[in-house]
Each structure stands twice: as structure tokens, then as C-alpha cells.
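Single-letter residue listing:
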Amino acid sequence: MNRALRRKQQKLQAKRVNNLLLDGTNTEKLSHGAGLHKKRSFQEALTYYNSVLDIDPSHVDALYLKGAALIELKQFDQAIVPLKKAISIKEDTAAAHQNLGLAYKEKEMFAEAEKHLMRALELEPDNTIVKFHLKMVQVGNTDKTSPE
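Residues numbered from 1 in each chain as written. Predicted model: local features only at pLDDT ≥ 70, side-chain atom pairs only at ≥ 80, totals over all residues. Heavy atoms only, no water.

**Structural notes on helix H5 (residues 76–89)**
The α-helix advances 3.6 residues per turn, and as a result positions three or four apart in sequence lie on the same side. Helix length check: H5, at 14 residues, gives a terminal C-alpha distance of 20 Å against a target of 20 Å (1.5 Å per residue), a fit within 8%. Buried positions along H5 lie against helix H4 (60–72), helix H6 (94–106) and helix H7 (110–123). (Helix = DSSP H or I, 4+ residues; strand = E, 2+ residues; numbered from the N terminus. Expected span 1.5 Å × (residues − 1). Contact = heavy atoms within 4.5 Å.)

What follows is the structure in C-alpha cells.
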């Protein structure tokens, strides 16, 4: 593909992204943000989550996804705020409890981390990631390796 065509496609893509932020539905914005999140473009994903929250500050999915992105960016204190809000709106949101537990784990607040990871496990008993992090918290381990 020649350079001029590639630049034209990039400009069209940038215009589509801008239009999505301005005119897209919350579902479209969350979907695009989640795609960026999956590609590890956390800062860009936050743009979409915040765009949803600008319209609907109580959007539980946007709140817990924002918290998850902030955890990946190692902004643990900032992550706690939207995660707590998500739980206050919908207490049985397993992903919010899981991410809040991870944020507390990284801050070495093990009692809080355990409480939220236990709740996430109650809501999703087969979640092996939660089980792993719960074991780590219970032994006071913040490493990413097995507590054993």
C-alpha cells in the first residue's frame, strides 16, 4: 500500500473515532474502549469510558472498566473511586469487586483486598483469577507469582 493511501485511511479512521466520541452510543463507546483496553491502550480506553461517564455518571460498566484501566496504569488511588461508586450503585458487580480487591492488594491493604476478592468469588465461584489473587492476599504477597 502506498504512503498517500495509508495517510488517507489513517485520516478516515481518526475521523470515525472522533465521530464515535461525539455521536456514538454508550454501548459503542464502551465497546470501542474495551477493544482498546484489550490492546493495552489503557489511556485511550479511558477517553471512551470517561465519555460515557460524562453522559451517565452512574454507568456501572464504564465505572468498573475505568477502574480496571487505572489499575493497569498503576493509578491505584484513582482506581478505587470509580470502583467503589460502581459497587455502591450495583453491589453484585463481580468485576468491580475483583478490581477493587486488586487495587487494595497493590496498596498492601490486605484486609480490604480480601473482603472484595471474597465477594467477587461469592458472585463468581469458578473465577480462577480471583482465587489466585485471594490466596496471594491471604499470605500478604503482592508479587505476580504463586503464593506457594
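Still more ground to cover, so stick around.
**Some points on the confidence of the model for the chain**
Confidence along the chain averages 88 in pLDDT terms, with 84% of residues attaining 70 or more. Of all the helices and strands in the chain, helix H1 (residues 3–23) carries the lowest mean pLDDT, 64, while H5 carries the highest, 98. (pLDDT = per-residue confidence, 0-100.)

**Notes on the pattern of salt bridges**
Taken as a whole and judged by the stated rule, the model has six salt bridges. As a salt-bridge pair, Glu72 and Arg40 come within 3.6 Å of each other at their nearest N and O atoms. Here Glu72, found in helix H4, pairs with Arg40, found in the loop between helix H2 (26–38) and helix H3 (42–55); they are 32 residues apart in sequence, far enough to count as distant. Note on Glu72: relative accessible area 36%, which makes it partly exposed. Salt bridges sharing common partners tie together Glu91, Arg119 and Glu122. (Salt bridge = Lys/Arg side-chain N within 4 Å of Asp/Glu carboxyl O. Buried < 20%, exposed > 50% of the residue type's maximum accessible area, 1.4 Å probe, protein only.)

**Overview of helix H8 (residues 128–138)**
All buried positions along H8 are accounted for by Val130, His133, Leu134, Met136 and Val137. One face of H8 carries all of its buried residues, which in axial projection span an arc of 160°. For H8, the elements touching its buried residues are H6 and H7. The residue sitting at the N-terminus of H8 and contributing the capping side-chain oxygen is Asn127; that oxygen lies 3.0 Å from the backbone nitrogen of Ile129. One or two steps after H8, the chain reaches Gly140, where phi turns positive at roughly 70°. (Arc of directions from axis to C-beta. Polar contact = N/O pair within 3.5 Å; in protein donor to acceptor, adjacent residues only side chain to side chain.)

**Here we look at the nonpolar core**
Counting 35 residues, the largest nonpolar core has Tyr49, Tyr64, Ile71 and Leu83 as its most contacted members. When contributions to this core are tallied by element, the ones reaching two or more residues are H2, H3, H4, H5, H6, H7 and H8. Take this core: its biggest share by element is eight residues, from H4. Beyond its immediate sequence surroundings of up to four residues, Ile71 is in contact with Phe76, Ala79, Leu83, Asn99, Leu102 and Ala103. (Core = buried A, V, L, I, M, F, W, Y, C linked by side-chain atoms within 4.5 Å.)

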